[in-house]
Every structure is written in C-alpha cells, then in structure tokens.
Amino acid sequence: MKTGKLKRSFTPQDGISKKGYFIIAVCSFLLVFLVWLLLTELGLVNEKFLPKPIETLQTGIRLFTENGFLQDIGVTTYRVLLGFLISLVVAVPLGILIGVYAPIEAFFEPVMSFLRYLPVTAFIPLFILWIGIDEREKVAVIILGTFPQLLLMVAGDTRKVKHDLIEVSYTLGTNRLNVVWRVVFPAAMPYILDSLRMVLGWAWTYVTVAEMIGASSGIGYMIIQSQRMLNVGKIFVGILTIGIIGLLFDFLFKWLSKKLFPWFSKS
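Residues numbered from 1 in each chain as written. Predicted model: local features only at pLDDT ≥ 70, side-chain atom pairs only at ≥ 80, totals over all residues. Heavy atoms only, no water.

**Student:** I'm lost on the packing of helix α8 (residues 163–171) against helix α9 (residues 176–211) in this one. Help?
**Tutor:** Packed helices, taken two at a time, are described by the angle their axes make and the gap between the axes. Orientation of α8 relative to α9, taken along the N-to-C sense of each, is 135 degrees, at an axis distance of 10 Å. Considering the angle they form, α8 stands oblique to α9. The interaxial crossing formed by α8 with α9 has right-handed handedness. Contacts between α8 and α9 involve L165, I166, S169 and Y170 from the first element and R176, V179, V183, V184 and A187 from the second. (Axes fitted to C-alpha atoms, helices over the stretch in contact; angles between N-to-C directions. Helix = DSSP H or I, 4+ residues; strand = E, 2+ residues; numbered from the N terminus. Parallel < 35°, antiparallel > 145°, perpendicular 65-115°, else oblique. Left-handed = near helix turned anticlockwise from the far one by under 90°. Contact = heavy atoms within 4.5 Å.)

**Student:** Would you explain the nonpolar core in this entry?
**Tutor:** In this structure, F69, L151, I192, L196, L200 and W204 are the most contacted members of the largest nonpolar core, which totals 43 residues. Elements with a minimum of two residues in this core: α4 (69–100), α7 (135–159), α9, α10 (219–228) and α11 (232–260). If you tally residues by element for this core, the top one is α9, at 14 residues. If near-sequence neighbours (up to four positions away) are discounted, W204 is found in contact with T76, T77, V80, I242, I245 and F249. Of all hydrophobic cores here, the second largest spans eight residues; its members include V120, F127, V141 and A210. (Core = buried A, V, L, I, M, F, W, Y, C linked by side-chain atoms within 4.5 Å. Buried < 20%, exposed > 50% of the residue type's maximum accessible area, 1.4 Å probe, protein only.)

Any functional reading would require information beyond the geometric quantities listed.
Written as structure tokens, this is what we have:
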C-alpha cells in the first residue's frame, strides 16, 4: 500500500497531500540545519567563517533586542515593496499589451530583452552619481532589476491564454477592446500572480546589494558593516532574516493564489 502511494507521488505532474508536503518541507529544513550543526560541532569549518547555530541564535536575539535591527528590517522591506510596486503598476498592464498586440511587442520586447541582460550592480555607481545615495537610488536599483524581467514574464503569461477562449468571447459579442481586460487579463492572472511571486524574490537580492554601497541603514548595510568587523554571526542573522521574510511573502502569494484561483493551484 505504501509503495503504491510512493509511486503515485512521483508520477509526473501529480500532487501530494498537504500533510505530506508539510512533512517533506520540514525535513528539508532539518537536513540543512543538521549539516550546519555537524560542520560546526565537529570542527570541520572554522567558527570564524561559519558560526555555530546556538551562537547565531544568541546573536539574533541581541540584534532584535538591543541594536535597532527591527528598524533596518523595516527600512529594507519598505524599499523592496516600493520599488516592486512601481514596477508592478507599470509592467503588468504594459506586459499584457505586449502579449496581446504584435506592434507593441515589436516596439518594447527587444529593448526590454536587452535591458534584462544588463548587470544591475554595474548601474549602482551611476545611480549614485545621477540620483545620490538617498532612498531614490535604492528604489531605482530595484526597479531596474525587476521591471524588464516582470514585463517580459507578464507578456509571456498573457500569451498562455488559449486563443479559443478569445474566439468564443468574440462570438458572444465582446469587442476587441473589452476582450483584453475582460477575457485575457482575468485568464492570465493566475500566471501573472506566480510571476510576481518570483520577481519579488529577485527584488530582495537587488536591495541587499544596493544597501551595501552608499547606505546608512537596512539589512544589507548591517551585513557589510558586520563583514568589516569580522562578525560572521551578524552576517548569518541578516541572511537568515531575509530568507525568512522572503518565505513569508512566498506563502502569502501562494495563499492568495489558492483563494483567488482555486482551479489553478495544484498544491
């Protein structure tokens, strides 16, 4: 019986129960923690480069209770969400138009494809020269890193809408303008929401890099200051904090997908 369930679990495109998913996910985190614990407790890695889990926990408690780390978290989260929302507001409608209309695709897609291959970190010195080192520079880095990617992903998500659905809407009396926002957009939304979830993760990467140069607050700033003081424990706390926040946003997007589009979600 158990063998049969195991075989079904590894059937391509098949799912597993929520309980099974949760157990496997917890085991994966426990495995990572166990490897970390063994590397440090057995002395396989010098503590200067990899702190022990208990020491990292103690450092985290000190950071959250004494050193204003919560303010750094708030500043970084604000920068990420602001830059991401600006990209979202522009990229989603424009990406839909690119995915629907060939002339708009021909005008925007080659340029956006060019921009998405440019190294965002190379623009940080230029943004500092052009904008300064205030909040606008960090937000600009996030926008540059997320906007071209999100635009092209939304365009691709729009093209996933079956043409038969559009033809049926014409048959039922929908005009060419309404078909975009009343048929194509709702049908593409589950895919677009998943793309937003992916791109938000990239936004956290870009803000951390931006905060390591010309910043006076934020998680990235704390990490680079800790590196200069050879405080590896604080660096690990900063990295783990970003990971936990990102995981919470990931769960939020998945929850929204299940609530808004129950027919689309498979997990």
